[in-house]
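So you can see what is in the structure, the chains are spelled out below.
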Amino acid sequence: MASCADILRSEFPDLDGEVFAYVTGILQGGGADFESVDELVEAVGELLREVSQDAKDDGAIREICQRLFNTLQLDEGQAQRCSQVLLDAPIQLSQITDGYADASVDLLPGLLLKRGQTSMVNAKKLEKAEARLKAKQDKRMERDSLKPSGPLVLEEASASQAASKKETRMESSGKNKSYDVRIENFDVSFGERVLLAGADLNLAFGRRYGLVGRNGLGKTTLLKMIASRSLRIPSHISILHVEQEVAGDETPALQSVLECDTTRESLLREERDLTAKINAGRASVILAGLGFNAKMQQQTTKEFSGGWRMRLALARALFARPDLLLLDEPTNMLDVRAILWLETYLQTWQSTILVVSHDRNFLNAVATDIIHLHSQRLDSYRGDFENFMKIKEERLKNQQREYEAQQQYREHIQVFIDRFRYNANRASQVQSKLKLLEKLPELKPVDKESEVIMKFPDGFEKFSPPILQLDEVDFCYNPSHYIFRSLSVSADLESRICVVGENGAGKSTMLKILMGELAPVRGIRHAHRNLKIGYFSQHHVDQLDLNISAVELLARKFPGKTEEEYRHQLGSYGVSGELAVRPVASLSGGQKSRVAFAQMTMSCPNFYILDEPTNHLDMETIEALAKALNKFRGGVILVSHDERFIRLVCRELWVCEKATVTRIEGGFDQYRDILKEQFQKEGFL
C-alpha cells in the first residue's frame, strides 16, 4: 500500500509506528468492506484528528480519507505491493526477540517506530475505534447472512374462527335458509403478522358494503379468506370474487359472459333457445357499459390485454348475480365513463356486495354501509362514505372527551391519596380511594390514525416557457389506424392537467410521446433543455424487482448513498421501519405504489407525468398526494379516473377521443354531463 502509506506519511509526518500500523492494517484488512468515504471517516477519522493534535479540521480529515478511499479502489495486487516502510537503520532481530518470551507478541509497531519517537496514540480512543469497526463488520455479516440465498418464499394468509355449535347444527340440518352473513370472533393473519383479532363481520342480504382502511391492514386478504371459505359461510350462499382476469382462449367475449352462470347452463338447457336472446341482451348491455363495443364483444378473450380481461371478469360476475359479490378495487381497471355506468348499475343490485375501494365518489354512489378496518378490528357504520366520516369524527371527539374526563378523575383521586397517604386519621379513606383506583377500567388513549404527509422535492430553478409541447403531431402503431392526427398541446411549470377518455383512446400513448419515448410520425415535440421528467406508470409494479427490499431497490437504482438516505427517502412516502427491508413482493398494492413514488422522486424532477397514480392508494394517501402536487413548484400532467382527486388537483381537463385532444372549459362537471347524455342516447342506463 505504498500510495496509502505515502499519503499518511506526507499528511502526518509525526505519525508514530503504532498508529501507522493500526491504520494501514484497517486499510489492508477491511478495505473491501468500505462502501463509501463516510464509513472510512467513521473508522479512522477521529484517530487521525487526534494524532494531528487539532492541526487539521473535519474538512481536511475528510479530504485525506477521500484520497485513501480512492486509492483503495485501485487494483488489489498493486495495493499489496505498496505496503513497504523504509527503516532508519538496520535491525538485529535476534537482539529484539531475545526479550520476548511470548512469540505471539506483535513486534511490528516497535519495528516501525523511528528513533526517538514515542507513541502519541490515545489507547482508549484506539479501543473505541477498533470496537466500532468490529461492530460495523459484524452488522454487515449479519445482514448478508439474513439475505435469502434461494428463491423468494412469500408468507401466506390464514384465518381461524371460534366454533359455534348452534350454527354447526343449523348448517348440518339444512334449516339455515338465511342469506345474511354472520362471521363472529375470527382472526386473520399474514405470516406472523396479525391483521384481525377477535373480529366480527355481519353482512345483511341486499345491502352494499364498502370496506375501507389504510394500505397494508388486510382488506384484500379478508376478501380472499371469505372467497376461499376459510371463514365459515353457509354453503347455500354463492360467492363470486372478482380479482383475477379471465383466461385468454378462443371464446368470444359475449359467450364468455354467458357461460359464466353454470347453474343456468345445467338447469335451463332445454330453454336455451328461448332465453338466449334475453340473456345475450343483458350480457351485451353489461359489456357495453364496461366499454366493449359490438366488435369487441365478438373478439376472442385471448385478443384482450390484462386490463380488458379484468373488465371481462367483472362483467361475468355482474351477469352471474351471486348471493355475495366481492369486488377488490373494481374502479382501478375502468375509465371515468365505465365507472359512472358501474355506479348506476350497482345501485339496483339485489343481493349483497362487499367492495374494497379507495374511490370516495364511487363509495358515496354505491355503498349503503361502510366497514372500517383498523387496529385489528372491524367497525360498521350505516350510510355512505361522507356519513361514515362525520360519525367517525364525532366518535373520536367523544372518546377523547371521555378519555380526558377519566384522566382528570384519576388525577383527582391520586392527589387525595398522595396528600393523605401518611395521615393516620385518613388511612381508611386512602385505602378506599386506592381500591377505587384499582377497580377503574384500564385507561387507553384514543387510537388516532397518523397523518399521511407526502412532499415532492422542488429545489430547482424556474425557467421560461415553452417547457413542453407537441405541434401538429401524427402518430400510429399501424399505418391503417392513426391514434392521433394534428395533435397540438402544451404545458408549462404552472400546469395541472388531467387527461381523461375511454380506455384505448390513446391517453398513455400521448404521455409517452410527451416524454419522448415514442417518436411522432409527423410533427414536432419540443422540450426545454432543462426539463427533467419524473414518470409514474400505471404498470409500475412490473418495473419493480419484487425479490429485494425497497432499500436495496433504491441502492441499485441510485448507488453511492448511505442506507440512512435511502430509508429517509422511503420514509417520506410512508415506507418506514420493517416495511423498508421486507421483500417488495410481500407489500400491499398501495405500499408498492409508495415505493414507486420514492424511486420516481429520488432524482428530483421538475415536471411529473403520472399515469393512474391513485390506483391502490388509500384515501388518506390520495389526499396527501393531491396536497403535495398542489404545493409542487413544477408542472404536472396526469391520467386519472378518480373524480375527487381530479377536482383537488387539476386546473385543466383534456379529453382524449377521435384521434385528438379537446380541452373542456367546464371542467369535470361538464364532462360528467356529456357522458350521462351519451348513456341515455345509447340505452345503457
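Residues numbered from 1 in each chain as written. Predicted model: local features only at pLDDT ≥ 70, side-chain atom pairs only at ≥ 80, totals over all residues. Heavy atoms only, no water.

1. Remarks on the overall build of the protein
- Assigned secondary structure in the protein consists of 26 helices and 18 strands.
- Out of the 685 residues in the protein, the part that is buried amounts to 44%.
- Considering only contacts within the protein whose residues lie at least 6 apart along the sequence, 71% involve residues at least 24 apart. (Helix = DSSP H or I, 4+ residues; strand = E, 2+ residues; numbered from the N terminus. Buried < 20%, exposed > 50% of the residue type's maximum accessible area, 1.4 Å probe, protein only. Contact = heavy atoms within 4.5 Å.)

2. A short note on the side chain of Q599
- Within the secondary structure, Q599 is located in helix α23 (residues 589-601).
- For Q599, a relative accessible area of 17% puts it in the buried group.
- With residues near it in sequence (within four places) discarded, Q599 still touches L544, L553, L554, K557 and F558.

3. Let's talk about the sheet that holds strand β12 (residues 496-500)
- Here six strands make up an open sheet; going across it, the order is β14-β15-β16-β12-β17-β18 and the pairing mixed. Both outer strands of the open sheet, β14 (533-536) and β18 (660-663), are each paired with one neighbouring strand and no more. On average, each strand axis in the sheet is inclined to that of its neighbour by 20°, with strand direction left out of account.
- Bridge count for strand β15 (residues 607-611) against strand β16 (residues 635-639) is five bridges, and the pairing is parallel. Residue pairing for β16: Y608 is matched across the bridge by V636. (Pairing = 2+ DSSP bridges. Axes fitted to C-alpha atoms, helices over the stretch in contact; angles between N-to-C directions.)

4. A closer look at the pairing of β12
- Counting buried positions along β12 yields five of five residues, so the element is predominantly enclosed.
- Both faces of β12 are covered, namely the face carrying R496, C498 and V500 and the face carrying I497 and V499.
- With four bridges connecting them, β12 and β16 associate as parallel partners. Looking across to β16, one finds that V499 is bridged to V639.

5. Overview of the confidence of the model for the protein
- Chain-level pLDDT for the protein is 83 on average; 84% of the residues reach the 70-or-more range.
- Note that residues 100-105 has pLDDT below 50 and, in this model, two contacts with residues that lie over four places away or in other chains.
- Overall, residues 111-117 carries pLDDT values under 50, and its contacts beyond four positions in sequence, including any with other chains, amount to 18 contacts. (pLDDT = per-residue confidence, 0-100.)

6. A word on the packing of aromatic side chains
- Applying the stated rule across the entire model yields 15 aromatic pairs.
- Within the aromatic cluster, the residues linked to one another by ring pairs are F456, F460, F536, Y573, F597, Y608 and F632.
- Positioned above the aromatic ring of Y482, the side-chain terminus of R485 is 3.7 Å from the ring centre. (Phe/Tyr/Trp six-rings, centres within 6.5 Å; stacked < 30°, edge-to-face > 60°. Lys NZ or Arg CZ within 6 Å of the ring centre and 35° of its normal.)

7. Some words on helix α22 (residues 563-571)
- Buried within α22 are the following residues: Y566, Q569 and L570. For α22, the angular spread of buried residues about the axis comes to 95°, placing them on one side. Facing away from the buried side of α22, by more than 90 degrees, are the exposed residues E564 and H568.
- In this structure, the buried side of α22 is in contact with α21 (550-557) and α23. (Arc of directions from axis to C-beta.)

8. Some thoughts on unusual backbone geometry
- The linkage connecting P465 with the following residue, P466, adopts the cis geometry, with an omega of 0°.
- Tracing the sequence through the fold places P466 in the loop between α19 (427-439) and β10 (468-478).
- In this structure, N185 takes a positive phi of about 50° despite not being glycine.
- A positive phi angle, near 50°, is found at K658, a position not held by glycine.
- Structurally, the position occupied by K658 is in the loop between β17 (652-657) and β18.

9. Some thoughts on the sheet that holds strand β1 (residues 157-161)
- Taking strand neighbours across the sheet as the criterion, the three strands line up as β1-β2-β3 in an open arrangement whose pairing is antiparallel. Edge positions in the open sheet fall to β1 and β3 (193-203), since each of these has one partner strand only. Pairs of neighbouring strands in the sheet enclose a mean axial angle of 25°, with direction left out of account.
- As paired elements, strand β2 (residues 181-190) and β3 share seven bridges and run antiparallel to each other. In the sheet register, R182 faces β3, and the bridge partner there is N202.
- Sheet contacts for helix α10 (residues 219-227): β1, β2 and β3; angle to β2, the most-contacted strand, approximately 120°.

10. Description of the side chain of T368
- Residue position: T368 is located in the loop between α17 (360-366) and β8 (369-374).
- A polar side-chain atom of T368 sits 2.7 Å from a polar atom in the side chain of D369. (Polar contact = N/O pair within 3.5 Å; in protein donor to acceptor, adjacent residues only side chain to side chain.)

11. Looking at the packing of α21 against α23
- Their axes nearest at 11 Å, the elements α21 and α23 cross at an angle of 25°. In terms of their interaxial angle, α21 and α23 are classed as roughly parallel. Here the hand of the crossing between α21 and α23 comes out right-handed. Contact with α21, carried on its side by A550, L553, L554 and K557, involves V595, A598 and Q599 of α23 and no other residues of that element.
- Tallied by class, the residues present in the contact of α21 with α23 amount to five nonpolar, one polar and one charged. (Parallel < 35°, antiparallel > 145°, perpendicular 65-115°, else oblique. Left-handed = near helix turned anticlockwise from the far one by under 90°. Nonpolar A, V, L, I, M, F, W, Y, C, P; charged D, E, K, R; others polar.)

12. As for the nonpolar core
- The biggest cluster of nonpolar side chains holds 97 residues, and the ones touching the most others in it are L290, L318, L346, F456, F597, L629 and L638.
- With nine residues, helix α15 (residues 306-320) is the single largest residue contributor to this core.
- Sequence-distant contacts of L638, defined by excluding residues within four places in its chain, comprise I497, C498, V499, L610, L629, F645, V649 and C650.
- Membership of the second largest hydrophobic core comes to 29 residues, among which are A5, L8, V51 and C65. (Core = buried A, V, L, I, M, F, W, Y, C linked by side-chain atoms within 4.5 Å.)

13. Considerations on the pattern of salt bridges
- Tallying each qualifying case throughout the model produces 26 salt bridges.
- In this structure, R311 engages D335 in a salt bridge whose closest nitrogen and oxygen atoms are separated by 3.3 Å. Of this pair, R311 sits in helix α15 while D335 sits in the loop between β6 (324-328) and α16 (336-346), and the two are 24 residues apart along the sequence.
- The class for R311 is buried, based on a relative accessible area of 0%.
- Across the salt bridge formed by E643 and R672, the nearest N and O atoms sit 2.4 Å from each other. Separated by 29 residues along the polypeptide, E643 in helix α25 (residues 643-649) and R672 in helix α26 (residues 667-682) bring together distant segments of the chain. Like E643, the residue R672 is buried in the burial classification.
- One continuous salt-bridge network, built from bridges that share partners, spans E343, E643, R647, D669 and R672. (Salt bridge = Lys/Arg side-chain N within 4 Å of Asp/Glu carboxyl O.)

14. Digging into the environment of V473
- Structurally, V473 can be placed in strand β10.
- Along the primary structure V473 and L487 are separated by 14 residues, whereas in three dimensions their C-alpha atoms are 4.7 Å apart.
- If sequence neighbours within four positions are ignored, V473 has contacts with F484, R485, S486, L487, P520, R522, G523 and I524.

15. Things to note about helix α3 (residues 37-51)
- Given a rise of 1.5 Å per residue, 15 residues ought to cover 21 Å, and the 20 Å separating the end C-alpha atoms of α3 matches this to within 8%.
- The axis of α3 is deflected most strongly, by about 50°, at V44.
- Taken together, the buried positions of α3 are V37, E39, L40, V41, A43, V44, G45, L47, L48 and V51.
- Two residues or fewer after α3 comes Q53, characterised by a positive phi angle close to 55°. (Expected span 1.5 Å × (residues − 1). Bend = angle between axes of the 7 residues up to and from the residue.)

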